[in-house]
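Reading the structure
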Amino acid sequence: MNLGVLISGRGSNMVALAQACARDDYPAQIAVVVSNQPGVAGLDKAAAMGLSTELIDHRDFPDRDAFEARLIELLQQHNVQLVCLAGFMRLLSRRFIEAFRDHILNIHPSLLPSFPGLRVHEQALEHGVRISGCTVHLVTEDLDAGPILLQAAVPVQQDDSVDALAARILEQEHQIYPEAVRLFVEGYLNPHGALSI
Ligand code: GRF
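This text gives an overview of the structure that appears in the document. (Residues numbered from 1 in each chain as written. Predicted model: local features only at pLDDT ≥ 70, side-chain atom pairs only at ≥ 80, totals over all residues. Heavy atoms only, no water.)

Quick word on the sheet that holds strand β6 (residues 131-138)
As summarised here, the arrangement of the seven strands in space is β3-β2-β1-β4-β5-β6-β7, forming an open sheet in which the pairing is mixed. If you trace the sheet from one side to the other, it starts and ends with β3 (53-55) and β7 (148-155), each paired once. Across the sheet, the mean angle separating the axes of adjacent strands is 20 degrees when strand polarity is ignored. The sheet strands contacting helix α1 (residues 12-21) are β1 (2-7), β2 (29-35), β4 (82-85) and β5 (104-108), and the helix crosses β2 at an angle near 165 degrees. (Pairing = 2+ DSSP bridges. Helix = DSSP H or I, 4+ residues; strand = E, 2+ residues; numbered from the N terminus. Axes fitted to C-alpha atoms, helices over the stretch in contact; angles between N-to-C directions. Contact = heavy atoms within 4.5 Å.)

Here's the deal with the packing of α1 against helix α6 (residues 162-185)
One can describe the packing of α1 onto α6 by two numbers: an axis separation of 9 Å at closest approach and a directional angle of 45 degrees. One element, α1, and the other, α6, form an angle in the oblique class. The crossing of α1 and α6 is right-handed. Across from Ser12, Asn13, Ala16, Leu17 and Ala20 in α1, the residues of α6 making contact are Leu170, Glu173, His174, Tyr177, Pro178 and Val181. Along the lines of polarity and charge, the residues of the contact of α1 with α6 split into seven nonpolar, three polar and one charged. (Parallel < 35°, antiparallel > 145°, perpendicular 65-115°, else oblique. Left-handed = near helix turned anticlockwise from the far one by under 90°. Nonpolar A, V, L, I, M, F, W, Y, C, P; charged D, E, K, R; others polar.)

Regarding the nonpolar core
Generally speaking, nonpolar side chains in soluble globular proteins are found buried as a group. In terms of nonpolar packing, the biggest core is built from 43 residues, with Val5, Ile30, Leu105, Val136, Tyr177 and Val181 touching the most fellow members. With nine residues, the single largest contributor to this core is α6. In this structure, Ile30 is in contact with Leu3, Val5, Met14, Leu17, Ala18, Cys21 and Leu51, ignoring residues within four places of it in sequence. The next biggest cluster of nonpolar side chains, apart from the first, holds 20 residues, and it includes Val83, Phe88, Phe96 and Phe100. (Core = buried A, V, L, I, M, F, W, Y, C linked by side-chain atoms within 4.5 Å. Buried < 20%, exposed > 50% of the residue type's maximum accessible area, 1.4 Å probe, protein only.)

Some words on the side chain of His58
In this fold, His58 is placed in the loop between β3 and α3 (64-77). Classification of His58 by relative accessible area gives buried; the value is 14%. Engagement of the side chain of His58 in a polar contact is seen with the side chain of Arg90, the distance being 3.4 Å. With near-sequence residues (within four places) excluded, His58 lies in contact with Asn36, Gln37, Phe67 and Arg90. (Polar contact = N/O pair within 3.5 Å; in protein donor to acceptor, adjacent residues only side chain to side chain.)

Comments concerning the pairing of β2
Among the seven residues in β2, six count as buried, and that is most of the element. Two strands pair when backbone bridges link them, and β1 and β2 are joined in this way by six bridges, in the parallel orientation. Paired with Leu3 across the strands is Ile30, a residue of β2. Strand direction decides the pairing type here: β2 and β3, joined by three bridges, are parallel. Along β3, the bridge assignment pairs Val33 with Thr53. Tracing the backbone out of β2, into helix α2 (residues 41-48) and back to the parallel element β3 gives a crossover that is right-handed. (Right-handed = clockwise from strand over helix to strand, strands pointing away.)

Considerations on the pattern of salt bridges
A complete count under the given rule lists eleven salt bridges for this structure. Put simply, Glu126 and Arg119 hold a salt bridge, and the shortest N to O gap is 2.8 Å. Overall, the relative accessible area of 47% leaves Arg119 in the partly exposed class. Taken together, the shared-partner salt bridges connect Arg94, Glu98, Arg101 and Glu141 into one network. (Salt bridge = Lys/Arg side-chain N within 4 Å of Asp/Glu carboxyl O.)

Below, the structure is given as C-alpha cells:
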C-alpha cells in the first residue's frame, strides 16, 4: 500500500515509518512525504532517506479549501492509498477527509480521549495522571476524536518534566505507529477501530 506522510516539523515518526517500510516483510511503502512548512528537519530527513518530498506551503493559498485541493491532487498523483499524519499541524476539513475516507491515520502523544489538541504533556502533568502514552487513531472531522486503533501506555514519573515525558512517549510512538499501519494495511484493524487478530 502506498503511504503519503504529512509532516510539519521534526519528522521523527515519519522516519520510524520509513524505517519500517524499508523492511522486506513490511506491507507498505512511502510514496511521498509532504510538508506544509518550508525548511523543516523532516523534509531533510526524508530526502536523505531517498524519499520523494514535496512542500505545499499553506500560506501560498487563499484559503483552506484551495490548500487542501492541491494536497489531495498531489497525493493522488503519487497514488497514495493511506495518509499518515505525523506531526502535521493543520486541521483537515471535510473535503480532505472525504477524499481519503477511513484511510487517514494520526499519532497523538496521549491516551485519547484524554488530552486532545495541543499542550498535551503539560495537561497530563497538570492533571497528575500516573499513566500517559500515545494513540494511533483514524482521522475524522473532529480533532483527535476518530476511532482508536492502537495505544501504548507510558508511566509518568514522580518528578517528570514535559520534555522527559515527551521523550519517553515519543519512543513508544515510534513503535506503535509502524505497527498500527501494518495492522491496518493487513486488514486487522477495521475502520471502526476494532482490532481483530
Ligand atoms: C509527535 O509527538 C506526534 O505524536 C504529534 O506531533 C509530534 C510529531 O513529532 N502529533 P515528529 O515530527 O514525528 O518528530
